Amino acid sequence: MKQLLTGEFYGQTNQTIHLSGITLTDTEYTLDRVDWHYHENAYFTFILQGNVIEGNKKEMYHCTPGSLLFHNWQDPHYNIKPTGYTRGFHIELQHQWFDQLDFNMDKLQGSIKIMNADIKFLLYDIFKETKIEDNTTTLAIETLVLKTLTKMLDQSLIDRDKNPAWVHKIREILFYEFKDQLTLDYLAQTLGIHPVHLSRDFSKYFNCNLGDYLRKLKVEKAYALLAEKNLSLTEIAYGCGFSDQSHFNRCFKSISGLSPNNFRKIVTHKFPSC
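Let me sum up the structure you'll find in this document. Residue positions are given per chain, counting from 1 as you read along its sequence in written order. Totals for whole chains, interfaces and linings use all residues, but because this is a predicted model, local features are given only for residues with pLDDT of at least 70 and pairs of side-chain atoms are given and counted only at 80 or more. Neither water nor hydrogens contribute to the side-chain values; these are computed over all heavy atoms in the structure.

What about helix α10 (residues 260-267)?
Working step 1: Along α10, the residues classified as buried are Pro260, Phe263, Arg264 and Val267. Viewed end-on, α10 has its buried residues packed into an arc of 105 degrees, placing them on one side of the element.
Working step 2: We call two residues in contact whenever any of their non-hydrogen atoms come within 4.5 Å of each other. Helical segments are the DSSP runs of H or I of at least four residues, strand segments are the runs of E of at least two, and each set is numbered from the N terminus. Where the residues of α10 are buried, they touch β5 (42-49), β10 (86-93), α2 (117-132), α7 (210-225), α8 (233-239) and α9 (245-256). Only protein chains enter the accessibility calculation, which uses a 1.4 Å probe. A residue is then buried if its area is under 20% of the maximum for its type, exposed if over 50%, and partly exposed in between. What the arc covers is the set of directions going from the helix axis to the C-beta atoms.

Topic: the pattern of salt bridges
Working step 1: By definition here, a salt bridge exists when the distance from a side-chain nitrogen of Lys or Arg to a carboxyl oxygen of Asp or Glu is within 4 Å. Counted by the stated rule, this structure contains nine salt bridges.
Working step 2: Residues Asp26 and Arg87 are paired through a salt bridge, measuring 2.6 Å at the closest nitrogen-oxygen approach. On the criterion of sequence distance, the pair formed by Asp26 in strand β3 (residues 22-29) and Arg87 in strand β10 is long-range, its members being 61 residues apart. With respect to class, Asp26 is no different from Arg87; both count as buried.
Working step 3: A salt bridge links Lys128 to Asp125, with the nearest nitrogen and oxygen atoms 3.1 Å apart.

With respect to the packing of helix α4 (residues 165-177) against helix α5 (residues 184-191)
Working step 1: Closest axis-to-axis distance for the α4/α5 pair is 10 Å, and the angle between their directions is 130 degrees. Taken together, α4 and α5 sit at an angle that is classed as oblique. Judged by the sense of rotation from one axis to the other, the crossing of α4 with α5 is right-handed. Every residue of α5 that contacts α4 at Trp166, Lys169, Ile170, Ile173, Leu174 and Glu177 is listed here: Tyr186, Leu187, Thr190 and Leu191.
Working step 2: In the contact of α4 with α5, the residues fall into seven nonpolar, one polar and two charged. Axes here refer to lines fitted to C-alpha atoms; in helices the fit is confined to the stretch in contact. Angles between the N-to-C directions go from 0 to 180 degrees. Note that the term roughly parallel is reserved for angles under 35 degrees, roughly antiparallel for angles over 145, roughly perpendicular for angles of 65 to 115, and oblique for everything else. Should the near helix be turned anticlockwise from the far one by less than a right angle, the crossing is left-handed, and should it be turned clockwise, the crossing is right-handed. Residue classes follow a fixed rule: Ala, Val, Leu, Ile, Met, Phe, Trp, Tyr, Cys and Pro count as nonpolar, while Asp, Glu, Lys and Arg count as charged, and any other residue, Gly among them, counts as polar.

Some thoughts on unusual backbone geometry
Working step 1: Its identity is not glycine, yet Asn207 carries a phi of approximately 60 degrees, on the positive side.
Working step 2: If you trace the backbone, Asn207 turns up in the loop between α6 (195-206) and α7.
Working step 3: With a relative accessible area of 68%, Asn207 lands in the exposed category.

Quick notes on the pairing of strand β2 (residues 12-18)
The side chains of a regular strand alternate between the sheet's two faces.
Working step 1: Pairing between two strands is assigned when DSSP locates at least 2 bridges connecting them. As paired elements, β2 and β3 share six bridges and run antiparallel to each other. Opposite Thr13, over in β3, you have Thr27 as the bridge partner.
Working step 2: In this structure, the hairpin formed by β2 and β3 is closed by a connection of three residues, where Gly21 is found at a positive phi of approximately 85 degrees.

Looking at the sheet that holds β2
Working step 1: One open sheet holds the six strands; their spatial order is β2-β3-β10-β5-β8-β11, and the pairing between them is antiparallel. Of all strands in the sheet, those with a lone pairing partner are β2 and β11 (111-114), marking the two edges. In this sheet, neighbouring strand axes are inclined to one another by 20 degrees on average, regardless of whether the strands run parallel or antiparallel.
Working step 2: In this sheet, β11 lies alongside strand β8 (residues 68-71) in antiparallel orientation, the contact comprising four bridges. Bridging across to β11, Leu68 finds its partner in Ile114.

Structural notes on the environment of Ile80
Working step 1: Relative to the elements of secondary structure, Ile80 occurs in strand β9 (residues 77-80).
Working step 2: Sequence spacing of Ile80 and Ser256 is 176 residues, and the spatial spacing of their C-alpha atoms is 31 Å.
Working step 3: Setting aside chain neighbours within four positions, we find Ile80 in contact with Asp32, Arg33, Val52 and Ile53.

Let's talk about a nonpolar patch on the surface
Working step 1: Patch definition: residues with relative accessible area over 30% and no salt bridge; like charges joined within 9 Å; nonpolar side chains (Val, Leu, Ile, Met, Phe, Trp, Tyr) joined within 5 Å. Only the protein chains shown count as cover for residues, with accessible areas throughout obtained via the Shrake-Rupley method and a probe of 1.4 Å. A grouping of Met115, Phe175 and Tyr176 is seen on the molecular surface, where their side chains present a nonpolar patch of about 370 Å² in accessible area.
Working step 2: When you line up the elements, Met115 lands in the loop between β11 and α2.
Working step 3: Judged by its relative accessible area of 45%, Met115 falls in the partly exposed class.

Looking at the packing of aromatic side chains
The way to describe two aromatic rings as a pair is by their centre distance and the angle between their planes.
Working step 1: Here a pair means two rings of Phe, Tyr or Trp (six-membered ring of Trp) with centres within 6.5 Å. Their orientation is stacked below 30 degrees between planes, edge-to-face above 60, and tilted elsewhere. Taken as a whole and assessed by the stated rule, the structure comprises 19 aromatic pairs.
Working step 2: Ring plane angle 85 degrees and centroid distance 5.3 Å describe the contact between Trp97 and Phe98, whose orientation is recorded as edge-to-face. Residues Trp97 and Phe98 agree in their burial class; the two are buried.
Working step 3: Ring plane angle 45 degrees and centroid distance 5.2 Å describe the contact between Phe242 and Phe248, whose orientation is recorded as tilted.
Working step 4: By relative accessible area, which is 3% here, Phe242 ends up buried.
Working step 5: In this structure Phe248 comes out as buried when scored by relative accessible area, which is 0%.
Working step 6: Each residue in the set Phe46, Phe121, Tyr124, Tyr223, Phe242, Phe248, Phe252 and Phe263 is aromatic and connected to the rest through ring pairs, giving one cluster.
Working step 7: For the cation-ring pair, Lys218 lies above Phe242, with the distance from its terminal atom to the ring centre recorded as 5.7 Å. Whether a charge lies above a ring is judged from NZ of Lys or CZ of Arg, which has to be within 6 Å of the ring centre and within 35 degrees of the ring normal.

See below:
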């Protein structure tokens, strides 16, 4: 089984940035299938455009734009790329980087599919920094990577068995119904709890209020759709549950710091052929 070294990925490498212990790679997936292999470093895979199927010894991930995976080092896997253009952003973290920071990665073994919207927003922020490349880029990336791992470790240490049953249930409801005109009464009745209890305790488990959480889900979906150049901003706005494009623009910019159109220019930027 082949081991891929630092900065090495199958496909066409558009950009590689080497920092102290961190390597960032922007890669186009050009092979229909990649056989079993593993990487010498722990790393993130963040799908920016297109689709890819990734399988390991335990499960198979169907990845679309916005999908985020974390692999600990030497975790074997394979890839299948459906027809069409696919692009991924990778962040590799070398052993010495973890050692220098005294990070304990025992809680993050194997491959993990990350669903947390706040963590995905951090990955988009890191990606944006790689396209800025000014004299603060290195510091910004290092800070954002540390924040990402800290959030992952905090999340992994949560004992989900001790959470009330409604917490898991509302997470699923909001994930699938975030575009709908949801009301507090509807959610409370569906969950079987009092509306006051829901509005008071939601932030204990989601670190924000219910309205802010829904806006995050809508903006996260918009991030992925902006990679589809055939969709207009108005179509994306309505498709993500915003009342109009101006509301979409305000919410998107408040979270990303960019307008939807400017973000689209970054994520769909085509590198010259090598």
